[in-house]
Amino acid sequence: MKPIGVFYATREGHTHKLAERVADDLRKRGFEADVKNLRDQDAINLSDYAGAILAASVHTGTHEPEMVAFVKQHRAELESMPSAFLSVTLSEVGAERANATAEEHARFVADVQGMLNRFFEDTGLAPAARQAGGRRAALYQLPHPLRDAAHRQKGRSGDGYLARL
Ligand SMILES: Cc1cc2nc3c(=O)[nH]c(=O)nc-3n(C[C@H](O)[C@H](O)[C@H](O)COP(=O)(O)O)c2cc1C
């Protein structure tokens, strides 16, 4: 079987750590996984991969530009292969905060949704259509290093998201 590509875009390095963690989890499940930084200039040929996991962080409301450019360029291929998108944001951490008030929670959830909506508008990706098409595409709302750490403190693995791949 071809490897699964874990393609990431980061500014401060958290999403790189997350991508490596996802790749390790995939390997534990018997897959081959290649981790690639979209900032590197290596050409990526998606036909070399059995699936693609895209991970990008957000700064001032938008996902990293190299991820937006990559998805725009490869949208048709991504929509015809198993793929997932991990959006790494502090708003997601806020949305999962157990002690957030109802008002805070609603604000974080709206922030997360707004950033995802912008990403889908900018790239033209249509996750609902992909899912309706019966492909094993899944849209993840992100594991985040901070959240994973919180899960670990509570004795949870924080990697249940992979079960959906
Ligand atoms: C200058 C700056 C702007 C940010 N803007 C947002 C934002 O608009 N929404 C959000 O939820 N998180 C925001 N964050 C938090 C980052 O998304 C978060 O720290 C993420 O883990 C960074 O991942 P990276 O290290 O892979 O770039 C911002 C962080 C910085 C430093």
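The structure we're discussing is the one just above.
These numbers were taken from a predicted model, which means no experiment stands behind them. (Residues numbered from 1 in each chain as written. Predicted model: local features only at pLDDT ≥ 70, side-chain atom pairs only at ≥ 80, totals over all residues. Heavy atoms only, no water.)

## A closer look at the side chain of Thr89
Among the structural elements, Thr89 can be located in the loop between β5 (83–88) and α3 (90–95). In this structure Thr89 comes out as buried when scored by relative accessible area, which is 6%. In this structure the side chain of Thr89 is engaged in a polar contact, spanning 3.5 Å, whose partner is the backbone nitrogen of Ser91. (Helix = DSSP H or I, 4+ residues; strand = E, 2+ residues; numbered from the N terminus. Buried < 20%, exposed > 50% of the residue type's maximum accessible area, 1.4 Å probe, protein only. Polar contact = N/O pair within 3.5 Å; in protein donor to acceptor, adjacent residues only side chain to side chain.)

## Focus: the pattern of salt bridges
Tallying each qualifying case throughout the model produces six salt bridges. Between Glu64 and Arg11 there is a salt bridge, with its nearest N and O atoms 3.4 Å apart. With Glu64 in the loop between β4 (62–63) and α2 (65–78) and Arg11 in the loop between β1 (4–9) and α1 (14–28), this residue pair connects regions lying 53 residues apart in the sequence. For Glu64, a relative accessible area of 1% gives the class buried. Its salt-bridge partner being Arg21, residue Asp25 comes within 3.5 Å of it at the nearest N-O pair. (Salt bridge = Lys/Arg side-chain N within 4 Å of Asp/Glu carboxyl O.)

## Concerning the site of the ligand
Near the ligand lie 17 residues; those nearest to it are Thr10, Arg11, Thr15, Ser57 and Val58. For the ligand, whose free accessible area comes to 640 Å², the fraction covered by protein is 75%. Ranked by residue count, the leading element in the shell around the ligand is strand β3 (residues 51–59), at three residues. In the shell around the ligand, the residues fall into four nonpolar, eleven polar and two charged. (Near = heavy atom within 4 Å. Areas by Shrake-Rupley, 256 points an atom, 1.4 Å probe, with all protein chains shown as cover. Nonpolar A, V, L, I, M, F, W, Y, C, P; charged D, E, K, R; others polar.)

None of the figures reported here should be taken as evidence of function without further support.
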